[in-house]
Amino acid sequence: MTTAVSAADTVLQQLKWRYATKKFDPSKKIPDDIWKVLEQSLVLAPSSFGLQPWKFFVVRNPEIRQALLPHSWGQKQVVDASHLVVFAIKKDVDDADVDRYVRRMAEVQGVPVENLEKFAQVVKGFLNNPPYPLDKNEWSARQVYIALAQFMTTAAMLGVDTCPMEGFVPDQYNQVLGLTAQGYSAVVVCPAGYRASDDPQAQRPKVRYKTEDVVDYID
Ligand SMILES: Cc1cc2nc3c(=O)[nH]c(=O)nc-3n(C[C@H](O)[C@H](O)[C@H](O)COP(=O)(O)O)c2cc1C
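Predicted, not measured: the structure shown is a model, and the values here were computed from it.

Quick notes on the pairing of strand 4 (residues 184–193)
Then step 1. For strand 4, a buried count of ten out of ten residues is recorded, marking the element as mostly surrounded by other parts of the structure.
Then step 2. Judged from the eight bridges that link them, strand 2 (residues 83–90) and strand 4 form a sheet pairing that is antiparallel. Its bridge partner being in strand 4, His83 is matched across the sheet by Ala192.
Then step 3. Bridge count between strand 3 (residues 161–162) and strand 4: two bridges; the pairing is antiparallel. Note that in strand 4 the partner of Thr162 across the bridge is Ala192.

So this is what it looks like as structure tokens:
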């Protein structure tokens, strides 16, 4: 019980501690062991049907990050942060993506691929004859945001700062990083690292609506 209470306190404390970091300390790097956990927060993110219509491009090359700066509304987080993750959707997911996933399921679960045929048909049916008007790339983008949230929350728990960013030009990122040629498209980016001690944004109180204004209990 004591453990649960202190864990709950810590979670809340870290959620309040995190903020969209405007200024990273370029000299502070995320240690490898911590990065490995953050990497797994991406790999383990849930998605609709488990399809994982995404790839996470971690831009390590400093020159490439510099080249992305003019396409990031000049936001220096993309060069100063320890790591830069570009969250991308797999464009126009189709039957081949379902087949790929089902092959992986069969491998991981140790079952013949034929046993998963019904499941594959359900997912293909959803993609090809959706039950409601469906923009598949929008749908994939929604999955990507779940991975973003899991990444940011994990980072906060580990004392790593992040800044979710839509302030960039996806087409330019796709070109600079060669994503289009690979069938992917950037949706959102997230620098991660450690805040600069003089980032004024860190001191600003969080502006949120009152709990009772955003959480409604229907009894
Ligand atoms: C999807 C998304 C896109 C955002 N894009 C940017 C951005 O391009 N640059 C930036 O500095 N902050 C960006 N933000 C940060 C928000 O402005 C910030 O999360 C919000 O004001 C709440 O503040 P807090 O995260 O510091 O608590 C973005 C946040 C989200 C969720």
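More follows now that the structure is in view.
Overview of the pattern of salt bridges
Then step 1. Tallied over the entire structure, the rule returns eight salt bridges.
Then step 2. Between Lys23 and Asp198 there is a salt bridge, with its nearest N and O atoms 2.8 Å apart. Residue Lys23 is found in the loop between helix 1 (2–17) and helix 2 (32–43), and its partner Asp198 is found in the loop between strand 4 and helix 9 (211–214); the two are separated by 175 residues along the sequence.
Then step 3. Lys23 sits in the partly exposed class, given a relative accessible area of 37%.
Then step 4. Residue Asp198 is classed as partly exposed on the basis of its relative accessible area, which comes to 47%.
Then step 5. The salt bridge involving Lys28 is made with Asp25; its shortest N-O contact spans 4.0 Å.
Then step 6. For Lys28, a relative accessible area of 41% gives the class partly exposed.

Here's the deal with the nonpolar core
Then step 1. Core analysis: the largest hydrophobic core is formed by 23 residues, its most contacted members being Phe87 and Phe151.
Then step 2. Of all the elements in the fold, those that place two or more residues in this core are helix 2, strand 1 (54–59), strand 2, helix 7 (136–157) and strand 4.
Then step 3. Not counting the four nearest positions on each side in its chain, Phe151 is found in contact with Trp35, Leu38, Ser41, Leu42, Val85, Phe87, Thr162, Cys190 and Ala192.
Then step 4. The next biggest cluster of nonpolar side chains, apart from the first, holds 20 residues, and it includes Phe57, Val79, Leu84 and Ala88.

Some thoughts on the sheet that holds strand 3
Then step 1. Reading across the sheet, the four strands line up as 1-2-4-3 and stay open at both edges, with antiparallel pairing between neighbours. Among the strands making up the open sheet, the edge pair consists of strand 1 and strand 3.
Then step 2. Here helix 2 sits on the sheet in contact with strand 1 and strand 2, set at roughly 15° to strand 2.

About the criteria used
Residues numbered from 1 in each chain as written. Predicted model: local features only at pLDDT ≥ 70, side-chain atom pairs only at ≥ 80, totals over all residues. Heavy atoms only, no water. Buried < 20%, exposed > 50% of the residue type's maximum accessible area, 1.4 Å probe, protein only. Helix = DSSP H or I, 4+ residues; strand = E, 2+ residues; numbered from the N terminus. Pairing = 2+ DSSP bridges. Salt bridge = Lys/Arg side-chain N within 4 Å of Asp/Glu carboxyl O. Core = buried A, V, L, I, M, F, W, Y, C linked by side-chain atoms within 4.5 Å. Contact = heavy atoms within 4.5 Å. Axes fitted to C-alpha atoms, helices over the stretch in contact; angles between N-to-C directions.

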